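# Residue-level structure breakdown
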Amino acid sequence: MAEPVIGIIGGTGLGSAVREYMTDVSSEQVDTPFGSASDEIILGKFGNYRAAFINRHGSGHKYSPSRVPYAANIYALKKLGVRTLISIGAVGSLREQIQPGQLVLADQFIDKTYSRANTFFDGAAAVHCEFSHPTCDRLRAEFAKITTQQKFNTHNGGCYVCMEGPQFSTRAESLMHRSWGGDLIGMTALPEAKLAREAQICYVLLCLVSDYDCWKEHSGDGEGLLAEILANIKQATDNCLGLVNAVMNSQAEFLSNDCTCRKSLEKALWTNPKQQDEEKIRKLSVLFK
Ligand SMILES: [Zn+2]
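First, a word on scope: everything that follows refers to the structure included in this document. Residues take numbers from 1 onward in each chain, read along the sequence in its written order. In view of the model being predicted, local features appear only for residues whose pLDDT reaches at least 70, and side-chain atom pairs are presented and counted only at 80 or more, with totals across whole chains, interfaces and linings using the full set of residues. Each side-chain value is worked out from all heavy atoms of the structure, with water and hydrogens disregarded.

### With respect to the overall build of the chain
For the chain, the helix and strand inventory stands at eight helices and 13 strands. What the globule rule says is 2.2 Å times the number of residues to the power 0.38, and the radius of gyration is computed from C-alpha atoms. A compact globule built from 289 residues would reach a C-alpha radius of gyration of about 19 Å, and the chain, at 19 Å, matches this within 12%. Dimensions of the chain, computed from the C-alpha atoms along their principal axes, are close to 60 × 40 × 35 Å. Within the chain, buried positions represent 53% of all 289 residues. We call two residues contacting when some pair of their heavy atoms lies within 4.5 Å. Taking all contacts inside the chain whose residues are at least 6 apart in sequence as the whole, residues at least 24 apart take part in 82%. Accessible surface, the chain: about 13100 Å² in total, of which carbon and sulfur atoms supply 50%. Neither His nor the chain ends contribute to the count of charged residues, in which Lys and Arg are positive and Asp and Glu negative. A charge is said to be at NZ when it belongs to Lys, at CZ for Arg, at CG for Asp and at CD for Glu. If the 30 positive side-chain charges of the chain are averaged to one point and the 32 negative ones to another, these points end up 5 Å apart. Only runs of H or I of at least four residues qualify as helices and only runs of E of at least two qualify as strands under DSSP, and these elements are numbered from the N terminus. Here the term buried applies to any residue with accessible area under 20% of the maximum for its type, exposed to any over 50%, and partly exposed to those in between, with areas from a 1.4 Å probe on protein chains only. Each accessible area is a Shrake-Rupley estimate made with a 1.4 Å probe; only the visible protein chains count as cover when residues are assessed.

The structure is reproduced here in structure tokens:
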């Protein structure tokens, strides 16, 4: 197994910015039993850690949220030695107090996706991972400590409603998501977080708030609104890069094996060994390490 690595998955625009913080940079195309990852993976040293970055939507933003090769991305990162994954994505806010431009460390999900493969084990065996705390509480606590020390404007905790898209919500849906207890709306964190759990990777989700979703009546015209959204994403991205840089330069223990996420497959494989598809399970051996 390669040297332990911290993985970073981010949207378009983040890759070149992350690359600027890295030294000893190389890139690698990684193939997996689930096809190729979205893009070449950028490898290098980032602060105190080895890091591997994937652009979630591929070069030129070619993959819509429904088409992102989530399984290939997570499998490729695991193959490269990733134990800890920082996932970054834009969201809309469903709460007045979660303001555009701010960051949120999400800790719960409501899954509304319906056309994405959400397990590595389809056809191989029945695998039931525990998912009541879908992001890594240990990592989130470390991140929260750093955001407090360094005064990043970040909310610790939030329920992320993951919708299929690509269209945004109707106003009726947005109001319903609020009534369900959702705090954020986005299109990409699932099945990514489920697959990270199946790959026994600690996963933390950093959300960049671009706007208030349509539950809140917007003032201003279309063009002004778009400019405002882009400015908010820029502000949130700058905050996010600052936070990730602080994390990567900290002395906190981000690669611990002593975390329940790192043992998620221990009791999850329910199919009798005789009934498992041995060949398929063998191909997935990377996930068990
Ligand atoms: Zn963990």
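Having put the structure on the table, let's press on.
### Considering the coordination of the zinc ion
For Na, K and Ca the donor cutoff is 3.2 Å, while for all other metals N, O and S atoms count as donors only within 2.8 Å; water does not appear among the atoms, so some sites may look incomplete. The coordination sphere of the zinc ion, as far as protein atoms go, consists of C136 (SG), C202 (SG), C259 (SG) and C261 (SG), spread over 2.2 to 2.4 Å. Every angle between 85 and 135 degrees makes a four-donor site tetrahedral, while opposite donors more than 155 degrees apart, with all other angles between 65 and 115, make a four-donor site square planar and a six-donor site octahedral; other sites are irregular. Coordination at the zinc ion is tetrahedral: its four donor atoms span angles of 105 to 113 degrees at the metal. Sequence spacing of the donors to the zinc ion: C-x65-C-x56-C-x1-C. Of the two residues, C136 sits in the loop between β9 (108-112) and α3 (137-149) while C202 sits in strand β13 (residues 202-212), which places them 66 residues apart along the sequence. Summarising the burial analysis for this pair, C136 and C202 share the class buried.

### Looking at the pattern of salt bridges
We define a salt bridge as a contact between a side-chain nitrogen of Lys or Arg and a carboxyl oxygen of Asp or Glu at a distance within 4 Å. Counted according to the given criterion, the structure contains 13 salt bridges. The partner of R56 in a salt bridge is E192, with the nearest N and O atoms 3.0 Å apart. With R56 in the loop between β6 (49-55) and α2 (70-79) and E192 in helix α5 (residues 192-198), this residue pair connects regions lying 136 residues apart in the sequence. In this pair, the class of R56 matches that of E192, namely buried. One salt bridge connects K145 with E142, and the closest N-O pair in it is separated by 3.5 Å. Of this pair, K145 and E142 both sit in helix α3, three residues apart, which is roughly one turn of the helix. Judged by relative accessible area, which is 47%, K145 ranks as partly exposed.

### With respect to the packing of helix α1 (residues 14-21) against helix α6 (residues 222-248)
Two numbers describe a pair of packed helices, the interaxial angle and the distance between the axes. Across the interface, α1 lies against α6 with an axial gap of 11 Å and an inter-helix angle of 35 degrees. Judged by the sense of rotation from one axis to the other, the crossing of α1 with α6 is right-handed. Contact with α1, carried on its side by L14, A17, V18 and Y21, involves T237, L241 and N245 of α6 and no other residues of that element. Under this grouping Gly is polar, as are all residues other than the nonpolar Ala, Val, Leu, Ile, Met, Phe, Trp, Tyr, Cys and Pro and the charged Asp, Glu, Lys and Arg. Classifying every residue of the contact of α1 with α6 by side-chain character gives five nonpolar, two polar and no charged. Fitted lines through C-alpha atoms serve as axes, helices being fitted only where they are in contact, and the angles separating the N-to-C directions of these axes extend from 0 to 180 degrees. Take the far helix as your reference; a near helix turned counterclockwise from it by less than a right angle gives a left-handed crossing, and one turned clockwise gives a right-handed crossing.

### Side note on the side chain of T147
Along the polypeptide, T147 turns up in helix α3. A polar contact of 2.7 Å, which involves the side chain of T147, links it to the backbone oxygen of A144. For T147, the contacting residues outside a window of four places in its chain are F152, T154 and L243. Within 3.5 Å is the distance limit for a polar contact, defined as a pair of N or O atoms, with the added protein rule that one can donate a hydrogen and the other accept it, and that residues adjacent in sequence qualify only through two side-chain atoms.

### Quick look at the pairing of strand β5 (residues 41-46)
Counting buried residues in β5 gives five out of six residues, a clear majority hidden from the surface. What makes two strands pair is DSSP finding at least two bridges between them. Bridge analysis of strand β2 (residues 23-28) against β5 gives four bridges, and the strand direction is antiparallel. The partner of S27 across the bridge, within β5, is I42. Between the end of β5 and the start of β6, which pair antiparallel, lie two residues, with G47 showing a positive phi angle near 60 degrees.

### Some thoughts on the nonpolar core
Side chains of nonpolar character tend, in soluble globular proteins, to be buried together. Only buried Ala, Val, Leu, Ile, Met, Phe, Trp, Tyr and Cys residues count toward a nonpolar core, and they belong to the same one when joined by side-chain atoms within 4.5 Å. Of all hydrophobic cores here, the largest spans 48 residues; its most connected members are I41, I74, F120 and Y160. Top contributing element to this core by residue count: α2, with six residues. The residues touching I74, leaving out its near neighbours within four places in the chain, are I9, L85, F120, E192, L195, A196, A199 and I201. Grouped together as the second largest cluster of nonpolar side chains are 38 residues, F53, I86, I146 and L206 included.

### What about the packing of aromatic side chains?
Any pair of aromatic rings gets described here by the distance separating the centres and the angle formed by the planes. Here is the rule: rings of Phe, Tyr and Trp (six-membered ring for Trp) pair when centre to centre is within 6.5 Å. Planes less than 30 degrees apart are stacked, more than 60 are edge-to-face, and the remainder are tilted. This structure, assessed with the given rule, holds nine aromatic pairs. Look at Y21 and F46: their rings are 5.6 Å apart centre to centre, the planes differ by 10 degrees, and that puts the pair in the stacked class. Within this pair, whereas Y21 is found in helix α1, its partner F46 is found in strand β5, the two being separated by 25 residues in sequence. What makes Y21 partly exposed here is its relative accessible area of 34%. For F46, a relative accessible area of 1% gives the class buried. Between Y49 and F254, the ring centres sit 6.0 Å apart and the planes meet at 70 degrees, which makes this aromatic pair edge-to-face. Residue Y49 is located in strand β6, and its partner F254 is located in the loop between α6 and α7 (278-283); the two are separated by 205 residues in the primary sequence. According to the relative accessible area criterion, Y49 is buried, its value standing at 10%. Note that R178 overlies the ring of W215, its terminal NZ or CZ placed 3.9 Å from the centroid. Comment: the charge-over-ring label is applied if NZ (Lys) or CZ (Arg) is within 6 Å of the ring centre and within 35 degrees of the ring normal. The residue whose ring lies beneath K216 is Y212, and the NZ or CZ to ring-centre distance is 4.7 Å.

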